[in-house]
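Observations on the three-dimensional arrangement
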Amino acid sequence: QARFVESGGALVQPGGSLRLSCAASGFSSEYYSVRWFRQAPGKEREGVVCISIDGGKTSYKDFAKGRFTISRDNAKNTAYLQMNNLVPEDTAVYYCAATSYCTDWISITEYLHWGQGTQVTVSS
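Residues numbered from 1 in each chain as written. Predicted model: local features only at pLDDT ≥ 70, side-chain atom pairs only at ≥ 80, totals over all residues. Heavy atoms only, no water.

**Regarding the state of the cysteines**
For the structure shown, the criterion picks out 2 disulfides. The disulfide partner of C22 is C96, and the gap between their sulfur atoms is 1.9 Å. Taking the sign of the S-S torsion, 95° for the link of C22 and C96, the bridge is right-handed. In this pair, C22 sits in strand β3 (residues 18-25) while C96 sits in strand β9 (residues 92-99), placing the two residues 74 residues apart along the sequence. As far as the burial class goes, C22 and C96 line up, both buried. Sulfur-sulfur distance for the disulfide between C50 and C102 comes to 2.1 Å. Between C50 and C102 the disulfide shows an S-S torsion of about -75°. By sign, it is left-handed. One end of the pair, C50, is in strand β5 (residues 46-51); the other, C102, is in the loop between β9 and β10 (118-122), and 52 residues separate them in sequence. Just as C50 is buried, C102 falls in that class too. Sequence-ordered numbering of the bonded cysteines in the protein chain gives a disulfide pattern of 1-3, 2-4. (Disulfide = S-S within 2.5 Å. Helix = DSSP H or I, 4+ residues; strand = E, 2+ residues; numbered from the N terminus. Buried < 20%, exposed > 50% of the residue type's maximum accessible area, 1.4 Å probe, protein only.)

**Overview of the environment of C96**
For C96, a relative accessible area of 0% corresponds to the buried category. With sequence-adjacent residues up to four places away left out, C96 is seen in contact with F4, E6, C22, V34, R35, W36, H113, W114 and G115. (Contact = heavy atoms within 4.5 Å.)

**Comments concerning the sheet that holds β5**
In space, the 6 strands of this open sheet follow the order β2-β10-β9-β4-β5-β6, with mixed pairing throughout. The open sheet has two free edges, formed respectively by β2 (11-12) and β6 (58-60), since each of these has just one partner strand. Sheet topology note: the β2/β10 ladder contains 2 bridges and is parallel. Residue pairing in the sheet places V12 in a bridge with V122 of β10. (Pairing = 2+ DSSP bridges.)

**Digging into the side chain of R72**
Tracing the sequence through the fold places R72 in strand β7 (residues 68-73). Polar side-chain contacts of R72 include one of 2.8 Å to the side chain of N74. Discounting residues that sit within four places of it in the chain, R72 has contacts with S29, E30, Y32, S33, V34, I51, S52, I53, G55, T78, A79 and Y80. (Polar contact = N/O pair within 3.5 Å; in protein donor to acceptor, adjacent residues only side chain to side chain.)

**Considerations on the packing of aromatic side chains**
Inspection of every chain in the model, using the stated rule, returns 6 aromatic pairs. Aromatic pair F27 and Y32: ring centres 5.8 Å apart, planes at 80°, arrangement edge-to-face. Taking the relative accessible area as the measure of exposure, F27 reaches 13% and is therefore buried. Plain terms: the ring middles of F37 and Y111 are 5.0 Å apart, the flat faces sit at 85° to each other, and that makes the pair edge-to-face. (Phe/Tyr/Trp six-rings, centres within 6.5 Å; stacked < 30°, edge-to-face > 60°.)

**Digging into the sheet that holds β3**
Taking strand neighbours across the sheet as the criterion, the 4 strands line up as β1-β3-β8-β7 in an open arrangement whose pairing is antiparallel. Of all the strands in the sheet, the pair left with one neighbour each is β1 (3-7) and β7. On average, each strand axis in the sheet is tilted by 20° relative to the strand beside it, whichever way the strands run. Across 6 bridges, β7 lies against strand β8 (residues 78-83) in antiparallel orientation. Each bridged residue has a counterpart across the sheet, and for I70 the counterpart in β8 is L81. (Axes fitted to C-alpha atoms, helices over the stretch in contact; angles between N-to-C directions.)

As structure tokens, then:
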């Protein structure tokens with residue numbers, strides 16, 4: 001099965017940091033842009049940030065700007081999400097998925113290789 005495997009989620013206090021990993025299993029992620037998503041209980045899944053195939057371009061949602069940083073290491077077939085200054089509103093299951101380009105015009109239903117997600121809980 002071609003899929004991503006997310007890891008790194010944990011329980012963290014407000015103001016804390018986490019680094020999530022998104023490792024490709026069964027395919028080469030170097031041919032895809034990668035987008036991180038998150039889904040909180042009772043809410044729709046939403047995009048967080050996207051990184052281009054070569055890592056040269058990144059696109060952040062407003063809530064992630066200045067706090068989250070996406071990166072990738074194609075030699076390791078892995079993308080990352082560094083999250084700093086976490087707030088309770090960041091609590092969600094975080095997913096990554098593959099796409100052709102980092103554009104909001106591609107529907108979430110068109111993304112490929114979804115992982116199972118990793119739980120991030122921000123609480124005192």
